[in-house]
Every structure is written in C-alpha cells, then in structure tokens.
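Close look at the chain arrangement
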Amino acid sequence: MSGIYVLVVFGIWLLASWMIIHFWRRWQPSDQKKKILRLALGILIFSVWFGGTFWMVAGKKMYWDAKVREWCAKDGGVTVYETIELPAEMFNEWGQPNFYRPTQDENALGDGYVFVEQKKIYRMTSPHVSKRVYTVFRKADHKLLGKSVIYGRGGGDFPGPWHGSSFSCPKHPPILSLFSKIFQKSKENKE
C-alpha cells in the first residue's frame, strides 16, 4: 500500500512541477509580482510534497518507535519468578545453558521444562509492529519460572532495494537473557 502511495505522490509532484514550468514560460520575467508568486507557489508545492513524503517515511517510524518504547516501559524485559541452580557442566563458556535446542519447539529445554513463544501482531502493514513473549515453565508442577517480553518495529522505510530498518525494545537478546537469569550455576565447590 505504501508503495502505491509513494507513486501517487511522486506522480502528483511531477504533474505539479510540469504545470509550474509551463506557466513560468508564459509569464514575463520582468514582472516582480509574478516572480514572487512563482517562488511562493514553488515553495508551497515542494512543502506539500516533502511533508507528505516525510510523514510516510520518517513520521510513521517515529510514531511506532515511540509506541514500542511506551509498551516496553510498561511490561517489556525479563521477569524471573524462580531461579533454578544447575551443575556447572550444564552451561557453556558464556554461562548460557547448553541444553537449549531451539528446533525442539516446546521441548527446547529438555524433559524438565517447557519453553513457549507467543507472538502478537499489532500492525501487519509497513511498518510491521509486534510483541513476542517467551515463557519457561517447569513440567512437574506447571509453575511459571520466568518470562521475557520484547516489542519490535520492522520496516516503514522509503521503498527501495536496500534492507529495511528495525527497532526493538529491550535491546538484549530476549531468550538468552531469560535463560541466564532463570538457570544459575550451582555455587557448590567440587573437591
């Protein structure tokens, strides 16, 4: 839809430019009032075109980025309800659980835990705006151990061959941050 809008605005801008140039040629350049009128008309048309283009590209992105920040301030980030201590061999060198298998869907954390990802789409058209909620439950008693909420905006840029921009809040990787806060290395020293 936004691509059609850009083409229509660009077409109107071309038509208006052609009309201005056509009328400029007919007016006498020595007439001071006509020069001022031509300049004012040119500035007006350029302002309308530039304002529409600015709103289509930058204005929408700024609006949705502000909404993402607002929603993120309300409930974004990681919330941990219970921590689980695990042996050190269950973590990699970066302190992340090494038993996470992303291709296993709900069983991504093995037999003892359930990992659930939910996505809510607020806006399908450009820019795309969504909310993702990652939760970890213990299978034995179905207790919620923690959740991570992230909001994001993708696209909304001027159409072209380049890759679209994105914005998300919070910035940290939501899944790994959630796991590293729920699953802790055991503090027991082995001798």
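In what follows, the accompanying structure is described. Being a predicted model, the structure only gives us computed values, none of them experimental. (Residues numbered from 1 in each chain as written. Predicted model: local features only at pLDDT ≥ 70, side-chain atom pairs only at ≥ 80, totals over all residues. Heavy atoms only, no water.)

Section: the packing of aromatic side chains
Inspection of the entire model under this criterion finds 13 aromatic pairs. Centroid distance Tyr100 to Phe115: 5.9 Å. Interplanar angle 80 degrees. Geometry classified as edge-to-face. Of this pair, Tyr100 sits in the loop between strand E2 (84–86) and strand E3 (113–123) while Phe115 sits in strand E3, and the two are 15 residues apart along the sequence. The pair Tyr100 / Phe115 is uniform in exposure class, with both members buried. For the ring pair Phe115 and Tyr134, a centre distance of 6.1 Å and an interplane angle of 5 degrees mean the geometry is stacked. Residue Phe115 is found in strand E3, and its partner Tyr134 is found in strand E4 (residues 128–138); the two are separated by 19 residues along the sequence. Each member of the pair, Phe115 together with Tyr134, is buried. Here a set of aromatic residues connected by ring pairs shows up, and it is made of Phe99, Tyr100, Tyr113, Phe115, Tyr134, Phe179 and Phe183. (Phe/Tyr/Trp six-rings, centres within 6.5 Å; stacked < 30°, edge-to-face > 60°. Helix = DSSP H or I, 4+ residues; strand = E, 2+ residues; numbered from the N terminus. Buried < 20%, exposed > 50% of the residue type's maximum accessible area, 1.4 Å probe, protein only.)

Topic: the pattern of salt bridges
If you walk through the whole model with that rule in mind, you get nine salt bridges. Here Lys61 makes a salt bridge to Asp157, at a shortest N to O gap of 2.8 Å. Placement of the pair is Lys61 in helix H2 (residues 32–75) and Asp157 in the loop between strand E5 (144–154) and strand E6 (166–169), with a sequence separation of 96 residues. Of the two residues examined, Lys61 and Asp157, each falls in the buried class. (Salt bridge = Lys/Arg side-chain N within 4 Å of Asp/Glu carboxyl O.)

Focus: the side chain of Asp157
The class of Asp157 is buried, set by a relative accessible area of 18%. Polar side-chain contacts of Asp157 include one of 2.8 Å to the side chain of Lys61. Of note is the side chain of Asp157, whose polar atom sits 2.5 Å from the backbone nitrogen of Ser165. Apart from the residues lying within four places of it in its own chain, the contact partners of Asp157 are Val57, Lys61, Gly164 and Ser165. (Polar contact = N/O pair within 3.5 Å; in protein donor to acceptor, adjacent residues only side chain to side chain. Contact = heavy atoms within 4.5 Å.)

With respect to the pairing of E6
Within a regular beta strand, the side chains point alternately toward one face of the sheet and then the other, so they alternate between its two faces. Residues of E6 alternate between two faces, with Phe167 and Cys169 buried on one and Ser166 and Ser168 left unburied on the opposite face. For E5 and E6, the ladder comprises four bridges, and the chain directions are antiparallel. Across the sheet, residue Tyr151 finds its bridge partner in E6, namely Cys169. (Pairing = 2+ DSSP bridges.)

A closer look at the nonpolar core
Judged by nonpolar contacts, the single largest core of 18 residues is most densely connected at Leu109, Tyr113, Phe115, Val136, Phe179 and Phe183. Listing elements by their share of this core, those giving two or more residues are E2, E3, E4, E5 and helix H3 (174–182). Here the element with the most residues in this core is H3; it accounts for four residues. The residues touching Phe115, leaving out its near neighbours within four places in the chain, are Tyr100, Asp105, Glu106, Ala108, Leu109, Tyr134, Thr135, Val136, Ile175 and Phe179. Core analysis: the second largest hydrophobic core is formed by ten residues, Val68, Val129, Val133 and Tyr151 among them. (Core = buried A, V, L, I, M, F, W, Y, C linked by side-chain atoms within 4.5 Å.)

Some remarks on unusual backbone geometry
Put simply, Ser126 and Pro127 share a cis peptide bond, and its omega is 0 degrees. Relative to the helices and strands, Pro127 is located in the loop between E3 and E4. Following Cys169, the chain continues into Pro170 via a peptide bond in cis, with omega recorded as -5 degrees. Here Pro170 is to be found in the loop between E6 and H3. Positive phi is not limited to glycine here, since Asp105 has a value of about 55 degrees.

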